[in-house]
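Summary of the model geometry
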Amino acid sequence: MIRLPGATRFARIRADLEAIRIPPGPTAWAFEFLLFGFKQGWACLFGGLMLALLLVTHLFYPPGAPLHRYDFLTLAALAIQAGMLAFRLESWAEAKVIFAFHLIGTIMELFKTQAGSWLYPEASLLHIGPVPLFSGFMYAAVGSYIARIWRIFDFRFTHYPPVWTTVLLACLIYVNFFAHHWLPDIRLALFAAAILLLGRSWITFTPWREPRRMPLLLGFLLVALFIWFAENIGTFANAWTYPDQRHTWHMVGLAKLGSWYLLMIISFVLVSLIHGIRTDKD
């Protein structure tokens, strides 16, 4: 095993896998594909565990248990976080990102539930207003994924705009999530601004030996689509519901994909302020 002082266990395992020598050809392509999947799976470990908890507790949590299901989910999320730190599956820097996203997400949850955008139908003791504390971990899972994937795949960028412009865009998107309840919804203008700013930007990532590239906006769409699928699992598991799901569950409309796309931009910009933007020339 390769020795990496101070590294997490995953970093050491990843280094061992990346050091494997395979001649070019179909076997190498297959190995790169599997390594890509392994890295992606590790990056979304926190979110995957939370999603599994939502589904398992929905199906098997005992009715009438002395501990509310939502409170169990909050305690379980804290236990997962503590365990990942204790066993060096996660760094303290990544834990700080999770906390920041938890705070930002909880603020949004408090406003959105008061506005009636969605609701939490089950009882809980660990909550702020109508918002159970586990809900912030849903946003934290997104932040955790982006922070991990950024480092694991050594992100670099081409034609990335000035950072201040992306920060301004992220702030406008965040404000619009609140302000559109009273003012005109400017999300179409925000989509246009994102295309104008980031339409020429490409992201370079390295699954194994060779760097790969894709348009940055396409990367946002792929992650937003994954989050949309996760949201459908979450609402099916009664973790939260939209007003039109109160009596009968049905899939969340594709219109929500746009909201997740905008949220991806906010999340990406926040993580970029932590990791910094490296270009292909760096």
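This one's a predicted model, so the numbers in the text were calculated from it and none came from an experiment. (Residues numbered from 1 in each chain as written. Predicted model: local features only at pLDDT ≥ 70, side-chain atom pairs only at ≥ 80, totals over all residues. Heavy atoms only, no water.)

**Comments concerning the overall build of the protein chain**
What the protein chain contains, in helices and strands, is 10 helices and five strands. Whereas a compact globule of 282 residues would reach a radius of gyration of roughly 19 Å, the protein chain reaches 20 Å, a difference of no more than 12%. With respect to the principal axes defined by its C-alpha atoms, the protein chain has extents near 55 × 45 × 35 Å. Of all 282 residues assigned to the protein chain, the portion counted as buried reaches 46%. Look at the contacts in the protein chain between residues 6 or more apart in sequence, and 71% of them connect residues 24 or more apart. Surface summary for the protein chain: the accessible area is close to 14,600 Å², and the carbon and sulfur share equals 73%. Here the protein chain holds 22 positive side-chain charges and 15 negative ones, and the gap between their average locations is 6 Å. (Helix = DSSP H or I, 4+ residues; strand = E, 2+ residues; numbered from the N terminus. Rg over C-alpha atoms; globule rule 2.2 N^0.38 Å. Buried < 20%, exposed > 50% of the residue type's maximum accessible area, 1.4 Å probe, protein only. Contact = heavy atoms within 4.5 Å. Areas by Shrake-Rupley, 256 points an atom, 1.4 Å probe, with all protein chains shown as cover. Lys, Arg positive; Asp, Glu negative; His and termini not counted. Charge placed at Lys NZ, Arg CZ, Asp CG, Glu CD.)

**Looking at the packing of aromatic side chains**
If you walk through the whole model with that rule in mind, you get 25 aromatic pairs. The interplanar angle of 55 degrees and the centroid separation of 5.3 Å between the aromatic rings of Trp150 and Phe157 together place this pair among those described as tilted. In this structure, Trp150 and Phe157 share a single accessibility class: buried. One residue, Lys39, lies across the ring of Phe153, its end atom 5.4 Å from the ring centre. (Phe/Tyr/Trp six-rings, centres within 6.5 Å; stacked < 30°, edge-to-face > 60°. Lys NZ or Arg CZ within 6 Å of the ring centre and 35° of its normal.)

**Remarks on the environment of Ser201**
Residue placement: Ser201 occurs in the loop between helix H8 (187-198) and strand E4 (202-205). What makes Ser201 buried here is its relative accessible area of 1%. Distance in space between the C-alpha atoms of Ser201 and Leu45 is 28 Å, their sequence separation being 156 residues. Side-chain polar atoms of Ser201 contact the backbone oxygen of His159, separated by 2.8 Å. (Polar contact = N/O pair within 3.5 Å; in protein donor to acceptor, adjacent residues only side chain to side chain.)

**Focus on unusual backbone geometry**
The backbone of Asp154 sits at a positive phi, close to 55 degrees, despite the residue not being glycine. Considering the arrangement of structural elements, one finds Asp154 in the loop between helix H6 (136-152) and strand E3 (156-158). Within the chain, Asn238 stands out as a residue other than glycine whose phi angle is a positive 60 degrees. Within the secondary structure, Asn238 sits in the loop between helix H9 (216-236) and helix H10 (255-275). Using a relative accessible area of 24% as the deciding quantity, one classes Asn238 as partly exposed.

**Here's the deal with the nonpolar core**
Core analysis: the biggest nonpolar cluster contains 68 residues, and Phe220 and Ile265 have the highest contact counts within it. Excluding anything up to four places from it in sequence, Phe220 contacts Leu198, Tyr261, Met264, Ile265 and Phe268. Formed by five residues, the second largest nonpolar core is a distinct cluster that contains Ile22, Ala28, Leu35 and Trp208. (Core = buried A, V, L, I, M, F, W, Y, C linked by side-chain atoms within 4.5 Å.)

**Brief notes about the packing of H6 against H10**
A pair of packed helices is characterised by two quantities: the angle between their axes and the separation of those axes. Taken N-terminus to C-terminus, the directions of H6 and H10 make an angle of 50 degrees; their axes are 10 Å apart at the nearest point. Classed by the angle they form, the pair H6 and H10 counts as oblique. As for the relative orientation of H6 and H10, their crossing is right-handed in sense. Touching Tyr139, Val142, Gly143, Ile146, Ala147, Trp150 and Arg151 of H6 are Leu263, Met264, Ser267, Phe268, Val271, Ser272 and His275, all from H10. (Axes fitted to C-alpha atoms, helices over the stretch in contact; angles between N-to-C directions. Parallel < 35°, antiparallel > 145°, perpendicular 65-115°, else oblique. Left-handed = near helix turned anticlockwise from the far one by under 90°.)

**Examining the environment of Leu133**
The topology assignment puts Leu133 in the loop between strand E2 (131-132) and H6. Setting aside its immediate chain neighbours within four residues, Leu133 contacts Thr74, His102, Leu126, His127 and Ile128.

**Looking at the confidence of the model for the protein chain**
Averaged over every residue, the pLDDT of the protein chain is 91; the share at 70 or more is 96%. pLDDT under 50 marks residues 1-6. Its contacts with residues more than four places away, or in other chains, come to 10 contacts. (pLDDT = per-residue confidence, 0-100.)

**Notes on the pattern of salt bridges**
Taken as a whole, this structure holds seven salt bridges when the rule is applied. For Glu18, the salt bridge identified is with Lys39, shortest N-O distance 2.5 Å. A residue pair is termed long-range when its members are at least 10 positions apart, and Glu18 in helix H1 (residues 9-18) and Lys39 in helix H2 (residues 26-43) qualify at 21 residues. With a closest N to O distance of 2.9 Å, Asp154 and Arg278 form a salt bridge. Here Arg278 lies in the segment after H10 and Asp154 lies in the loop between H6 and E3, a separation of 124 residues in the sequence. A relative accessible area of 28% means that Asp154 is categorised as partly exposed. Given the relative accessible area of 34%, Arg278 is considered partly exposed. (Salt bridge = Lys/Arg side-chain N within 4 Å of Asp/Glu carboxyl O.)

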